[in-house]
Amino acid sequence: MQAIKSLVAASPGPQYLTGDKASIDAFIDKFDVFLFDCDGVLWSGDHLFARIPETIAMLREKGKQLVFVTNNSTKSRGDYKKKFDSMGIAAKEEEVFGSSYSAAIYIARIMKLEAPKNKVYVLGESGVEQELESEKVPYCGGTDPLLRRDMMPEDFKNVANGSLLDDNVAIVLTGLDYHPSYLKYALGMAYIRRGAKFLATNIDSTLPSAGSLFPGAGSTSAPLIKATGQEPLALGKPSQAMMDAIEGKFQFDRKKACMIGDRLNTDIQFGIEGGLGGTLCVLTGVSKKEEFLAAGAEVVPSAYVDELGDLLG
Ligand SMILES: O=C(O)[C@H](O)[C@H](O)COP(=O)(O)O
Ligand SMILES: [Mg+2]
């Protein structure tokens, strides 16, 4: 964070681009690659913001490389392709790099645990499961309907004596979970107390949806953090393990890349810590301009707009 502070102290302050066509064009011309956040930038849940397909098309016409970098682990890259298609946004599945994919490749290609003791206990939705499958990583928990029930008295005994546990579990992975239950947390806690590695796709405290804010992945994994006293290793933004993986896959010059996002402590921090050429904050999601215009603000974008469609000038 000290590096960011000195960078911020030296910079003239974020440029406000909305309504300033010449500055918008100059800003866009500085970059060859745009890393796009999704929730709070392109849409809010199922609500697509105005002029998004046109803005994406404009950047493609200018020959820009686009990568969609979301922390939302509930969907896989394939699910996002379907969502893009349903919203008329021209995008390829290969251009999507989500936190569930980031976690799956970290487990499969970095941790490389030996079978059979390489199974992942998931607290999250099908996006995590699909990406683990795509990397041939075994898992349990997650959307298993047997876990979507109340805790029964005998469950305490069976978790304690291990009969409800899978001995091959070596990792507990949390993501945004729309179906948390006491039983799922009890199993997660038991695995971590047995020595399983505690990972998270992301730890965003809130989720922007339907124009409002809801509990985020960080909030649905908080009971496990409190119960175990352990902080998970988070593999979504602002993790630089994710930035390295994205750079490795898409091969680009970081100085010619810009991160576009709605959240300071994930998107903008991700771009700044990643040494990208620029960051653009969009005010349709989580962060408010007062947060980064305030004196002494720690994370400050290079520029900001009211909404992404403003890039059309
Ligand atoms: O709780 C979450 O997982 C986040 O709020 C959500 O996923 C953010 O997604 P993004 O803005 O990175 O697309
Ligand atoms: Mg966002």
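Residues numbered from 1 in each chain as written. Chains lettered and ligands numbered in written order. Predicted model: local features only at pLDDT ≥ 70, side-chain atom pairs only at ≥ 80, totals over all residues. Heavy atoms only, no water.

Draft legend 1. Focus on the side chain of Ser181. In this fold, Ser181 is placed in the loop between strand S8 (169-174) and helix H8 (182-193). One polar contact links the side chain of Ser181 to the main-chain carbonyl oxygen of Leu147, over a distance of 3.2 Å. The residues touching Ser181, leaving out its near neighbours within four places in the chain, are Leu147 and Arg149. (Helix = DSSP H or I, 4+ residues; strand = E, 2+ residues; numbered from the N terminus. Polar contact = N/O pair within 3.5 Å; in protein donor to acceptor, adjacent residues only side chain to side chain. Contact = heavy atoms within 4.5 Å.)

Draft legend 2. The sheet that holds strand S13 (residues 257-261), seen in detail. The 6 strands lie next to each other as S1-S15-S14-S13-S2-S5, forming an open sheet whose pairing is parallel. A strand with exactly one partner marks an edge of an open sheet, and here the two such strands are strand S1 (15-16) and strand S5 (65-68). Sheet topology places S1 next to strand S15 (residues 303-305); 2 bridges connect them, and they run parallel. Note that in S15 the partner of Tyr16 across the bridge is Tyr304. (Pairing = 2+ DSSP bridges.)

Draft legend 3. Geometry of the side chain of Asp39. Within the secondary structure layout, Asp39 lies in the loop between strand S2 (33-36) and strand S3 (43-44). Look at Asp39: it is buried, it has no salt bridge, and the nearest opposite charge is Lys83 at 4.9 Å. Side-chain polar atoms of Asp39 contact the side chain of Asn72, separated by 2.8 Å. The contacts of Asp39, once residues within four sequence positions are left out, are Asn72, Leu207, Pro208 and Asp262. (Buried < 20%, exposed > 50% of the residue type's maximum accessible area, 1.4 Å probe, protein only. Lys, Arg positive; Asp, Glu negative; His and termini not counted. Salt bridge = Lys/Arg side-chain N within 4 Å of Asp/Glu carboxyl O.)

Draft legend 4. Region of interest: the coordination of the magnesium ion (ligand 2). Distances from the magnesium ion (ligand 2) to its protein donors, Asp37 (OD), Asp39 (O) and Asp262 (OD), fall at 2.0 to 2.1 Å. For the magnesium ion (ligand 2), all donor residues lie on one chain, and their spacing in sequence is D-x1-D-x222-D. We note that Asp37, like Asp39, is buried. (Donors = N, O, S within 2.8 Å, 3.2 Å for Na, K, Ca; no water.)

Draft legend 5. A look at the site of ligand 1. The local shell around ligand 1 holds 16 residues, among which Asp37, Thr70, Asn71, Thr206 and Ala217 are the closest. The contact in question runs from an oxygen atom of ligand 1 to an N or O atom on the backbone of Cys38, over 3.3 Å. The contact in question runs from an oxygen atom of ligand 1 to an N or O atom on the side chain of Lys237, over 2.8 Å. Notes on ligand 1: free accessible area 350 Å², of which the protein chains cover 98%. Looking at the shell around ligand 1 element by element, the count peaks at 3 residues for strand S10 (residues 206-209). Grouping the amino acids of the shell around ligand 1 by side-chain chemistry returns 5 nonpolar, 6 polar and 5 charged. (Near = heavy atom within 4 Å. Areas by Shrake-Rupley, 256 points an atom, 1.4 Å probe, with all protein chains shown as cover. Nonpolar A, V, L, I, M, F, W, Y, C, P; charged D, E, K, R; others polar.)

The quantities given are spatial measurements derived from coordinates; they are silent on function.
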